Amino acid sequence: MTSGKIGRWVGFVFALLVAASMLLYTAKDSMIRRAPVEIDGYTQWDPDLVEAFGSMAVQDGGRVKPLSTWAGFELLALNGKRSIKFKSDGKSVKIGPTEWVLDMMFRDEFANKMEVFQVEDANVLDMIGMSHEGKKRRDRYSYLEIGEHLHEVDRLRNELAEKRQKGQELDLVEDQFLGLYSNIQSYVSMSSHFNPVKNRMADEGSPLAPELQLFSGWVEKWPQLSQFLSSAAQQEGAEMDGLRRVTNMIATRIGESVYSDIAMMPPSDPEQKSWPKRQGWLSHYMQFKTGPDADQITYLKEMEKLALGYTYDGEKGLLKEVNAYKGRVAEKMKARGGEGDKIKSEIMMYKLDYFYRSLTPFVLGFLVVAFGWIAPATRWGRVCNRIAWVLLVYGFILVTLGIVHRSILMERPPVGNLYDTIPFITAVVILVLGFMEWLTKRRVCIGLAFFFATLGMFLAMWYEESKGVDPMNPLIAVLRSNFWLATHVITITIGYAGGLLTAGISHVYIFSRLFKIGDDDKSFSRFLTRVVYGGVCFTLFFSLVGTILGGVWANDSWGRFWGWDPKENGALIIVLWTLVILHARMAGYIRDWGIHICSILLAIMVTFSWWHVNFLSIGLHNYGFTGGSGLKAIWSFYTLEALVVFVGLYMALTQGKSKKAALPEKA
């Protein structure tokens, strides 16, 4: 192979990598890099305790899950990632979500110093008069820093609530402030969860009865004890002073109890789906605004055992109480029909981390294929090809296992929300491109398979991090139909995959022509054109069938087949555009360049229907709505694709003129 040809191949691969890098750069928020905060005196938690505590059951988002899963998404929502780094006594420390929650609940003197509040725009802090000198515009802050301004935070939140009630729209900074307020609420909910029961009301040697040495004892007997305390308040004497101190202690603990919004104990009634949360119940009960609740009192007692286990016997005591607590909860969940029976499986799924692990074979595979392209006809090229196939199959197995494992945990088909579509589309693209490579053996489709697979896995991770919401939470009522999820949603998603992979092949065509790769082999260009034509047919079939099935589902759920909803319009646009491409090709209006340029425009339409409509905040498909943080990535993608289209148009026009100039003049 000549040096010129090698250079063209290197340029071609470089162009693909640049395109991928731009997409990933715009899709992934820029990293916050700064010297880690110093938290001296910090000690790591016992790994056995971390594992046991992380496997405790929590009900959140409508399902029972491991505490480790819940903690991971809570940390993602606040921090933008699942780990926290800091320095302690000169050493670097990195902790995960479960350790962080343990610190929040039992060692808040450390947790409050950790910079976990990710603020996107420093203007949010200006609204509450908080200094951010020495920080970046987008940076992280600790609760210790923000806590000094909580009164201003509450005041501003009330102002914005009134503004919304009047129908006034909030600007971007105000929306971000409300996001920060929500994160502060979550933080306080976790950090105050055990506060009312962390210490005994009196030491064991106290003259108080044993049950009254515990806060839960006072709560359980409150209707009788409150009358006694009221009478004592009117009397004088040293003993009465002690009782008044008890009254003040109870009032303080009640005040600390109202923030907890965590459900960790199943109710006694098997028919009651929601687990109890403390929230304002204790305060209302102690003020006689509501009656006693046996489930709430049991929940308080269980939390008290955990808290006192740590207070009086450290990590060893907490581990003992956690294991005993898990046994009692397991019996309750079993009596409720096996609730939480998939907790161990979910913990295993996150440990295996299929999608993240698949990145290794996908990235390596793309590099192996790229090296093989340099000398495809040699032994080196054949060895690279074999290695690439092994890596592709291995990566595909990991992605498929991840999809299947998630489906088993969710007890529904693999596609039900926006996140689900990403690994599913990735798997479909790998499967289709792998099959095409097996048929053609051109080593183009396998390279594209690695390229799309890498993008898909990075996009899945970015989406999960940016949202900070568990994508396995139950779907809204209208989507809880396994039949329609397995037909309409999967079919239309396969159509999305077809449109995207078809556009990917068109990118290969344009870049290969730009770098004059395959100019000496016309069959290579014709092969790409035939593949794109087939891909357009594939996209049309699945998009059309999926759209019709969606209309039938809409008629069943909403009483109308079609309502010009943005999601419906997006699907119709894909169908109409693929029909335009096929008819224009058959009529001779477009040839090789035309079908590839139209295919890239198809990718823009697929992106609009699949992703962009979720930012419009209108229509009945509101289950997919998301925040505005991803719009930058979408518009960057549109801009990149428009640039490729213009490059294609320019080359098509210049090559058309060159061909005309080369024709002999008529006599």
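Residues numbered from 1 in each chain as written. Predicted model: local features only at pLDDT ≥ 70, side-chain atom pairs only at ≥ 80, totals over all residues. Heavy atoms only, no water.

Caption draft 1: Summary view of the packing of aromatic side chains. Going through the model one piece at a time under the given rule, you end up with 23 aromatic pairs. Ring geometry for Y42 and F110: centres 5.4 Å apart, planes at 75 degrees, overall edge-to-face. Taken together, the positions of Y42 in the loop between α1 (3–27) and α2 (47–54) and F110 in helix α5 (residues 108–111) put the pair 68 residues apart, joining distant regions of the chain. Given a relative accessible area of 12%, F110 falls into the buried group. Taking the centre distance of 4.8 Å and the plane angle of 15 degrees together, the rings of Y143 and Y187 count as stacked. Of this pair, Y143 sits in helix α7 (residues 143–146) while Y187 sits in helix α9 (residues 172–191), and the two are 44 residues apart along the sequence. Here Y143 and Y187 have matching classes, each one buried. Note that R82 overlies the ring of F73, its terminal NZ or CZ placed 4.7 Å from the centroid. Its end group placed over the ring of Y312, R200 keeps NZ or CZ at 5.7 Å from the ring centre. (Phe/Tyr/Trp six-rings, centres within 6.5 Å; stacked < 30°, edge-to-face > 60°. Helix = DSSP H or I, 4+ residues; strand = E, 2+ residues; numbered from the N terminus. Buried < 20%, exposed > 50% of the residue type's maximum accessible area, 1.4 Å probe, protein only. Lys NZ or Arg CZ within 6 Å of the ring centre and 35° of its normal.)

Caption draft 2: The pairing of strand β3 (residues 84–88), seen in detail. Only one face of β3 is covered, namely the face carrying I84, F86 and S88; the face carrying K85 and K87 is uncovered. As judged from the five bridges shared by β3 and strand β4 (residues 91–95), these two strands associate in the antiparallel manner. Residue pairing across strands places S88 opposite K91, the latter belonging to β4. Hairpin connection of β3 to β4: two residues between the antiparallel strands, including D89 at a positive phi of 55 degrees. (Pairing = 2+ DSSP bridges.)

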